[in-house]
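Structural overview for review
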Amino acid sequence: MSTNDAKNRLIPAADIRDAHVPGMSAYNELVAQADANHDAYWSRLAREFLSWRTPFTKGLDESQAPFFKWFEDGTLNVSYNCLDRHVENGLGDKTAIIFEADDGQVTRINYRELLARTCRMANALKARGVKKGDRVVLYMSMSIEGVVVMQACARIGATHSVVFGGFSAQSLRDRIQDAGAVMVVTADEQVRGGKPLPLKAVVDDAIAMGGCESVANVLVYRRSGGAIHWHAARDRWLHEEMQDQPETCEPEWVGAEHPLFVLYTSGSTGKPKGVQHSSGGYLLHAALTTQWTFDLKPNDVFWCTADIGWVTGHTYITYGPLALGATEVVFEGVPTFPDAGRFWKMIQDHKVSIFYTAPTAIRSLIKAAESNESVHPRRYDLSSLRILGSVGEPINPAAWEWYHEHIGGGRCPIVDTFWQTETGGHMITPLPGATPLVPGSCTLPFPGIAAAIVDEMGGDVPNGQGGILVVKKPWPSMIRTIWGDPERFKSSYFPPELKGYYLAGDGAIRDAQTGYFTITGRIDDVLNVSGHRMGTMEIESALVSCTALVAEAAVVGRPDETTGEAICAFVVLKGPRPRGDEAKKIATELRNWVAKEIGPIAKPKDIRFGDNLPKTRSGKIMRRLLRAVAKGEAITQDISTLENPAVLEQLAQSN
Ligand code: WT7
């Protein structure tokens, strides 16, 4: 897009009455405040947005950079901030969560009840010996109980680690072990798309693999009533554990830096890393961004469609909306069940006013609507909507336009929110009452976030020229460390050549005229498939761990119309290169193998077999070449150093 185009396509900011950030001058004023005194800016917001037990006396502590601390001598409790204070302020009867189950059954819970249930859960955890600083792993279905368990951990100062219910027993085991969890909370099954899927059985398998000896108890939420195995020594029904517990529980007042949670995410190398977040700084940004980015007001009905197994579910389901005393929808099911109109029907039924979802969902619902009129959004009353959000991957302009026109009726601004597991909350995003929009651009940094684009040595790159996305100053909700691996934290996010800036791992470009950011994609070997982050190395290790079949494997991403990126695996087998039906059969076997090792989300869409992989003379796999082959592009690169050019032809055939 030329710069003139960008300017011409600016869509004026929405005219919102009493917007929290009401226009570009208000935005610029906030940015100026943060520029003038970063510490004072964030400290003011931390006092405004959070209730402190002991007020902090200092904002940012850089003395042990890059292990930054914020508000360190202040104490607070996250669940107090999300629940008690609203009840104390007379909001006890306000609906906190509208839960819709897979089968459409709706359960509402108000703030008073949510607090009582959280307290009973917290007491139940304590009764089983869980105490401040202990880690609790959740492997749960989307449910009110999932939110309650997270809040209950926060209440007693236990650090939760939620593992997405789509991960395999192996992945779950690795996370339980790395976190040294004392307890796992799960459900018998989860129900999605009308089908029960095992959860408890996967926990059993994970523990049976060994290495989870720290786990003393497994709490089981009865969701489906499906048959499960029972290990009397460690398994407990969650409802029985909660039954006789009192409805009050004094919060554990923790320091602002106390680890609220560890969430595992993929990097370019090695095993997934446990991203550790704080209590005070994290909650501040969760609350602040929920209010400003979505312009959230007391009467809004907020719906973030993410799963609590991802950071989006943490920040924009469990913490941000509740910290603000909002009403939110929590959904158990999938967008396509009973049909692809489910999201639109739920927006209509619950009068959702703020809707936050991922481009991959939008793209698949566009397809569905275009082929089946009965699930087209025009068949639903979506007039309650006022703000739309997008998260997890770039939103292509065509999907943006459709979302804007068909879901937002042309009147709702779309906030394209760029952020990461590590950032805790939004980093670059429009603010709906302030920022003119450009489809496909996440526009400008959130006030107080020093996002910039630099070259490999950390030097500023002029607008209009691409580079590496960094954040020049620490911010309150940033990752504190990688659980158990501070060295990896330093080398992954603060490489010495980048002058102490936080390295996001994405490339980006700023428009020459508007200064708007567009994310151009990861600069490392991390893939983004349907908004899910995966390391190519992880998938490669899963493939080569199939030692009976696989000699060598290389994994790259290629663009995909629906999922954004698709996983493409190049495999050299121990036996001869398979062809035809034999190749298809082995490809299926390998896909299932990867699903078992990591989870179904990591299944390669495309598997190709060769006698060899293209390598340089020094033996390095030529990934750039493989990316071109995966895309079906003509090879324009220099392949004169290639040992065996004929393999390229073999690898061009998909199975
Ligand atoms: C990576 C982070 C953000 C929470 C969910 C994913 C990509 C995320 C956008 C966006 C373009 C985006 C980046 C980032 N990404 N949002 N609005 N536009 N790209 O969190 O799993 O930690 O993944 O997702 O590549 O680095 P995550």
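Criteria and cut-off values
- Residues take numbers from 1 onward in each chain, read along the sequence in its written order.
- With the structure being a predicted model, the display of local features is reserved for residues of pLDDT at least 70 and the display and counting of side-chain atom pairs for 80 or more, all residues being used for whole-chain, interface and lining totals.
- Heavy atoms from the whole structure form the basis of all side-chain values; hydrogens and water molecules are not counted.
- UniProt positions are given in the numbering used here, feature names are shortened, and annotations may be inferred rather than shown by experiment.
- By convention in this text, a residue qualifies as near a molecule or strand provided that one of its non-hydrogen atoms is within 4 Å of it.
- Think of a polar contact as two N or O atoms within 3.5 Å of one another; within protein, one of them needs to be a possible hydrogen donor and the other a possible acceptor, and neighboring residues in sequence only count if both atoms come from side chains.
- Values of accessible area rely on a 1.4 Å probe in the Shrake-Rupley scheme; residue burial ignores everything except the protein chains shown.
- Secondary structure elements are defined from DSSP: runs of H or I of at least 4 residues count as helices, runs of E of at least 2 residues count as strands, and each element is numbered from the N terminus.
- Two rings from Phe, Tyr or Trp (for Trp, the six-membered ring) form a pair when their centres are within 6.5 Å of each other. A pair whose planes differ by under 30 degrees is stacked, one over 60 is edge-to-face, and the rest are tilted.
- Throughout this description, buried means an accessible area under 20% of the type-specific maximum (1.4 Å probe, protein chains only), exposed means over 50%, and partly exposed covers the range between.
- Here, a disulfide means two cysteine sulfur atoms that sit within 2.5 Å of each other.
- When DSSP finds two or more bridges between two strands, those strands count as paired.
- Throughout, an axis means a line fitted to C-alpha atoms (over the contacting stretch in the case of helices), and angles, computed between N-to-C directions, take values from 0 to 180 degrees.
- Among buried residues, the Ala, Val, Leu, Ile, Met, Phe, Trp, Tyr and Cys ones that are joined through side-chain atoms within 4.5 Å form a nonpolar core.
- Throughout, a contact is declared for two residues whenever any of their heavy atoms are within 4.5 Å.

- Labelled according to an unreviewed UniProt entry, the protein chain appears under the name Acetyl-coenzyme A synthetase, originating from Rhodoferax ferrireducens.
- If you open the UniProt record of the protein chain and go to Catalytic activity (unreviewed entry), you find "acetate + ATP + CoA = acetyl-CoA + AMP + diphosphate".

1. Overview of the site of the ligand
- Residues in contact with the ligand amount to 17 residues; listed here are only the nearest, Asp-416, Thr-417, Thr-421, Asp-506 and Arg-533.
- In the environment of the ligand, an oxygen atom lies 2.8 Å from a nitrogen or oxygen atom belonging to the side chain of Arg-522.
- Here Asn-528 contributes a side-chain N or O atom positioned 3.4 Å from an oxygen atom of the ligand.
- For the ligand, whose unbound accessible area comes to 550 Å², protein coverage reaches 94%.
- Contributing elements (two or more residues each) for the shell around the ligand: helix H11 (311-323), strand S20 (414-417) and strand S25 (517-522).

2. Description of the packing of aromatic side chains
- Under the definition given, this model contains 33 aromatic pairs.
- Measuring from centroid to centroid gives 5.6 Å for Phe-343 and Phe-355, while their planes differ by 75°, and the two rings are edge-to-face. With Phe-343 in helix H12 (residues 342-350) and Phe-355 in strand S18 (residues 354-357), this pair connects stretches of sequence that are twelve residues apart.
- For Phe-343, a relative accessible area of 5% gives the class buried.

3. Some points on the UniProt feature "domain: Acetyl-coenzyme A synthetase N-terminal" (unreviewed entry) in the protein chain
- When the UniProt feature table is mapped onto this chain numbering, "domain: Acetyl-coenzyme A synthetase N-terminal" (unreviewed entry) sits at residues 27-82.
- End-to-end, the C-alpha atoms of residues 27-82 are 27 Å apart, and along that stretch the chain is 48% helix and 11% strand.

4. Details of the state of the cysteines
- This model, assessed by the stated rule, comprises zero disulfides.
- Its sulfur unpaired, Cys-546 is 18 Å from the next cysteine sulfur, which belongs to Cys-568.
- Note on Cys-546: relative accessible area 7%, which makes it buried.

5. Observations concerning the environment of Pro-359
- With respect to the helices and strands, the residue Pro-359 is situated in helix H13 (residues 359-371).
- Residue Pro-359 is classed as buried on the basis of its relative accessible area, which comes to 0%.
- Between the C-alpha atom of Pro-359 and that of Arg-378, which follows or precedes it by 19 residues, the distance is 19 Å.

6. Digging into the UniProt feature "domain: AMP-dependent synthetase/ligase" (unreviewed entry) in the protein chain
- According to UniProt, the positions carrying the feature "domain: AMP-dependent synthetase/ligase" (unreviewed entry) are residues 90-475.
- Secondary structure content for residues 90-475 is 31% helix and 22% strand, while the C-alpha to C-alpha distance between its ends is 32 Å.

7. Structural notes on the sheet that holds strand S17 (residues 327-331)
- In spatial order, the strands read S5-S4-S17-S16-S18-S19-S20; together these seven strands make up an open sheet with mixed pairing. Edge positions in the sheet fall to strand S5 (106-110) and S20, since each has one partner strand and no second. Pairs of neighbouring strands in the sheet enclose a mean axial angle of 20°, with direction left out of account.

8. Things to note about the sheet that holds strand S24 (residues 502-510)
- Ordered by their spatial adjacency, four strands build an open sheet running S21-S22-S24-S25, and the pairing between neighbours is antiparallel. Of all the strands in the sheet, the pair left with one neighbour each is strand S21 (451-454) and S25. Geometrically, the sheet is characterised by an average inter-axis angle of 45° between neighbouring strands, direction not taken into account.
- Bridging between S24 and S25 involves five bridges; their strand directions are antiparallel. Within the sheet, the bridge partner assigned to Arg-510 lies in S25 and is Phe-517.

9. Thoughts on the nonpolar core
- By size, the foremost hydrophobic cluster in this structure holds 164 residues, and its most contacted members are Trp-292, Tyr-319, Val-571 and Leu-590.
- The dominant element in this core, judged by the number of residues it contributes, is helix H6 (residues 144-156), at nine residues.
- With residues near it in sequence (within four places) discarded, Trp-292 still touches His-20, Val-21, Leu-30, Tyr-41, Leu-45, Phe-49, Leu-431, Pro-432, Phe-446 and Pro-447.
- With 32 residues, the next largest nonpolar core counts Ala-340, Ala-361, Leu-382 and Ile-395 among its residues.

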